[in-house]
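Residue-level structure breakdown
Here are the chains, one letter per residue:
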Amino acid sequence: MISPVKIWRRQKNIRNMLGKKGVVLSWTIIYTPSNDFKKSAPYPVLLAQLDSGEKVVGQYVGTLYNDLKIGMRIRTILRKTRITHNEDIISYGIKFTNEI
Amino acid sequence: MISILGYYSTQFGELWERSLFDLVKESIDSLLKESKIEKKEIDAIFFSNMMSGILENNLHGSSKIAQLLNTHIPIFRSEAACASGGMAVYLAVQYLKANPGKTVIVVGAEKMTDFSPEEAVEGLMAAASGEEQEAGLTFPGLYALLAQIYLNSYHYKHENIGAISVKNHFHGFLNEKAHFKRKVTLKQVLSSPKIASPLGVLDCSPISDGASAIIITSNTKKIKQAKRTCSILSSEIASDSISFMERERLDSLTSTVVAGNKAFKEAGIKRSDIRVAELHDCFSIAEILGMEDLGFWKKGEGGKRALAYETMLGNSGSIIVNTSGGLKAAGHPIGATGIKQVGEIFLQLTHQADKRQVHDVYYGLAHNVGGSGGTAVVTILGI
């Protein structure tokens, strides 16, 4: 379990990162994750540079799973991150989808 | 002058019958016995370990070592993820510079195979940033991101990095203490099941148990008496942001560049003087980045030179890299790795490397990286 206060601290600034567009700098597909991500595997993770300049890492949940490329355009969205236990607080974070 | 008087490493691998401190005790007892040094001659111990607190609820290992050895000498623990061992060597060298005439043991150990891959991955990821953890990244994942950038920037294919694993498994085949004493082909590397694409399981160092220890001294009498010894000409450390996305360059680890430049300057030798080196090949891409960042190869040349197997045993005129088998084949018990690297160079410089011996070696280098480059330690040895 990840502590609620830790989630609260981490999630405070997420809203500033939402709906931003950017470009893929690198990508991978994770096949061997840690426990909290086991149910999602295999899943793609991107390193993206937003048009505002910041670099961000996050999972990709768009439709181009089999066609990921460096240089591809993306946008940031809010999604659940890790699989938490039934009574834990849900952990939200930034993920990526197609730019549209 | 600071010199190494002896080195001992346990077998690396799945050692289910032995605990973390069984391994520590074996390495210290055997080191003292083989080096013909009495326990009472040791003035301090530096202990390197990363994960016992996370995985085994087992901290304050320094005191556990005091109990095992029935001693009251100072014992320090270093933790810098996979560079814990290199950091312990660095700290021991600093201690000896501040305390002339003393003799210390540097011992590193890790117990990892009691745990599932998911538990081990979670423990290891404690050494990455919160953002990287929340993205579901793993260390193979972080190095896969670096690999994609490298392959894309310099127009290489997977085979250009996979060749590193072929070479290091060939070297591991010659090392009795290695986790994997078997050769692999490039075809096997390229077709091995993916861990984090493009990296397959044969691009990745394993989860291993093991311990390694060295004795180092600034006592001139002991150095003169020693049958086999080599000097630590320099040991330098550099840091960088824990999160690799905060860094300017993504095709290079700046901490390695900084530590390497400082270490060569301090040692007063040239890159071309180094004939044998242990590099931090936690993943195949990492050795290529290391060769370039240390200045042995030009940036971007690594993929081509790796596929030419330039640094494999038997190639005369070239630097030979990771004769131990590297992290890839010798195994990667985190806390032990940085000390095993220095130990392997000691074996090479004192002509004790058996089938792995590189000829006409006078200088060697060990390169140990923590995390995705948040810490790097470069240690240069000479005879």
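Everything numeric in this text was worked out from a predicted model, so none of it was measured. (Residues numbered from 1 in each chain as written. Chains lettered and ligands numbered in written order. Predicted model: local features only at pLDDT ≥ 70, side-chain atom pairs only at ≥ 80, totals over all residues. Heavy atoms only, no water.)

Regarding the overall build of chain A
Operational definition: Helix numbering and strand numbering both begin at the N terminus, where a helix is a DSSP run of H or I of at least 4 residues and a strand a DSSP run of E of at least 2. Every radius of gyration here is taken over C-alpha atoms, with the globule rule written as 2.2 Å times N^0.38, N being the number of residues. Under the scheme applied here, a residue whose accessible area is under 20% of the maximum for its type counts as buried, over 50% as exposed, and between as partly exposed, the area being computed with a 1.4 Å probe on protein chains only. A contact between two residues is defined here by any heavy atoms of the two lying within 4.5 Å. The protein chains shown are the only cover counted for residues, whose accessible areas, like all others here, come from Shrake-Rupley with a 1.4 Å probe.
Counting its secondary structure elements, chain A contains one helix and five strands. Starting at the N terminus and ending at the C terminus, chain A contains elements arranged as α-β-β-β-β-β. Against the 2.2 N^0.38 benchmark of 13 Å for 100 residues, chain A shows a C-alpha radius of gyration of 14 Å, consistent with a compact globule. For chain A, the C-alpha atoms occupy an extent of roughly 40 × 30 × 20 Å along the three principal directions. Going through the 100 residues of chain A one by one, you find that 43% of them count as buried. Long-range pairs, those at least 24 residues apart, make up 55% of the contacts in chain A with a sequence separation of at least 6. For chain A, the computed accessible surface area is about 5,500 Å², with 52% contributed by carbon and sulfur atoms.

Considering the packing of aromatic side chains
In plain terms, the rule: Stacked, edge-to-face and tilted are the three classes for Phe, Tyr and Trp ring pairs, Trp counted by its six-membered ring, which pair at centre distances within 6.5 Å; planes under 30 degrees apart are stacked, over 60 edge-to-face, the rest tilted. Only when the NZ of Lys or the CZ of Arg is both within 6 Å of the ring centre and within 35 degrees of the ring normal is a charge said to sit over the ring.
According to the stated counting rule, one finds nine aromatic pairs over all chains in the structure shown. Between Tyr-150 of chain B and Tyr-156 of chain B, the ring centres sit 5.9 Å apart and the planes meet at 20 degrees, which makes this aromatic pair stacked. Summarising the burial analysis for this pair, Tyr-150 of chain B and Tyr-156 of chain B share the class buried. An aromatic cluster is defined as three or more aromatic residues linked by ring pairs; in this entry it consists of Phe-46, Phe-76 and Tyr-95 of chain B. Positioned above the aromatic ring of Trp-8 of chain A, the side-chain terminus of Lys-12 of chain A is 4.8 Å from the ring centre. Stacked on the ring of Tyr-8 of chain B, the Lys or Arg Lys-177 of chain B has its end atom at 4.5 Å from the ring centre.

With respect to the domain arrangement of chain B
Residue and element names in this part refer to chain B. Defined as follows: For each domain, the first and last residues come from an automatic or database assignment. Buried area: the accessible area, evaluated with a 1.4 Å probe, that two parts lose upon being put together, summed over both parts. What counts as a salt bridge is simple: a side-chain nitrogen of Lys or Arg found within 4 Å of a carboxyl oxygen of Asp or Glu. Any pair of N or O atoms that falls within 3.5 Å is considered a polar contact. Within protein, one atom must be able to donate a hydrogen and the other to accept it, and sequence-neighbouring residues count only if both atoms are side-chain atoms. Ten residue types, Ala, Val, Leu, Ile, Met, Phe, Trp, Tyr, Cys and Pro, are classed as nonpolar, four, Asp, Glu, Lys and Arg, as charged, and the remainder, Gly among them, as polar.
Domains assigned within chain B are domain 1 (3-116 + 208-225) and domain 2 (137-206 + 233-382). Placing a centre on the C-alpha atoms of domain 1 and another on those of domain 2 gives a separation of 23 Å. With 39 residues of domain 1 at the contact, the number on the domain 2 side is 34 residues. Summed over both sides, the interface between domain 1 and domain 2 buries roughly 2,600 Å², with carbon and sulfur atoms accounting for 70% of that surface. Considering only the side of domain 1, the residues that lose the most area to domain 2 are Tyr-7, Phe-12 and Cys-82, jointly responsible for 26% of the buried surface there. Linking domain 1 to domain 2 there are zero salt bridges. One can count eleven residue pairs in polar contact (both at pLDDT 80 or more) joining domain 1 with domain 2. Broken down by secondary-structure element, the contributors of at least two residues to the side of domain 1 that touches domain 2 are strand 1 (3-9), helix 4 (84-98), strand 4 (103-110) and strand 7 (210-217). Residues of the side of domain 1 that touches domain 2, tallied by class, amount to 21 nonpolar, 14 polar and four charged.

Describing the UniProt feature "domain: ChsH2 C-terminal OB-fold" (unreviewed entry) in chain A
For the record, the criterion: UniProt positions are given in the numbering used here, feature names are shortened, and annotations may be inferred rather than shown by experiment.
In this structure's numbering, the residues bearing the UniProt feature "domain: ChsH2 C-terminal OB-fold" (unreviewed entry) are residues 18-75 of chain A. With 0% helix and 45% strand, the stretch residues 18-75 of chain A has end C-alpha atoms that lie 8 Å from each other.

Overview of the interface of chain B and chain A
Across the contact, 28 residues belong to chain B and 27 residues belong to chain A. Counting the surface chain B buries against chain A, the share from its top three residues, Glu-118, Glu-134 and Met-245 of chain B, is 27%. The tally of links between chain B and chain A comes to three salt bridges. Lys-38 of chain A is the salt-bridge partner of Glu-118 of chain B, the closest N and O atoms lying 3.6 Å from each other. For the side of chain B that touches chain A, the element with the highest residue contribution is helix 7 (residues 139-154) of chain B, accounting for six residues. Within the side of chain B that touches chain A, the residues separate by chemical class into twelve nonpolar, eight polar and eight charged.

Focus on a nonpolar patch on the surface
All names here are of chain A. Here is the rule: Residues enter patches when they are more than 30% accessible in relative terms and free of salt bridges; like-charged ones are connected within 9 Å and nonpolar ones (Val, Leu, Ile, Met, Phe, Trp, Tyr) within 5 Å.
Nonpolar side chains collect at one region of the surface, where Leu-18, Leu-78, Ile-90 and Tyr-92 lie side by side and expose about 310 Å² of accessible area between them. With respect to the secondary-structure elements, Ile-90 resides in the loop between strand 4 (73-80) and strand 5 (92-98). For Ile-90, a relative accessible area of 37% puts it in the partly exposed group.

A short note on the pattern of salt bridges
Summed over the entire model, instances satisfying the criterion amount to 23 salt bridges over all chains. Across the pair Arg-356 of chain B and Glu-344 of chain B runs a salt bridge whose closest N-O atoms are separated by 2.9 Å. You can see Arg-356 of chain B sitting in the loop between helix 15 (334-349) and strand 11 (363-370) and its partner Glu-344 of chain B sitting in helix 15, a full twelve residues away along the chain. One exposure class covers both Arg-356 of chain B and Glu-344 of chain B, and it is buried. Where salt bridges share partners, they join Arg-10, Asp-36 and Arg-82 of chain A together with Glu-134 of chain B into one cluster.

With respect to unusual backbone geometry
Backbone torsion omega between Ala-41 of chain A and Pro-42 of chain A reads -5 degrees, so that peptide bond is classified as cis. Along the chain, Pro-42 of chain A falls in the loop between strand 1 (21-30) and strand 2 (43-50).

Overview of the confidence of the model for chain B
Interpretation of the predicted coordinates at a detailed level should be avoided for regions scoring low in pLDDT. To be explicit about the condition: For every residue, the pLDDT score states the predictor's confidence, bounded by 0 at the bottom and 100 at the top.
Scored by pLDDT, chain B has a mean of 97; 100% of the residues are at 70 or more. With pTM at 0.97, the complex prediction returns an ipTM value of 0.96.

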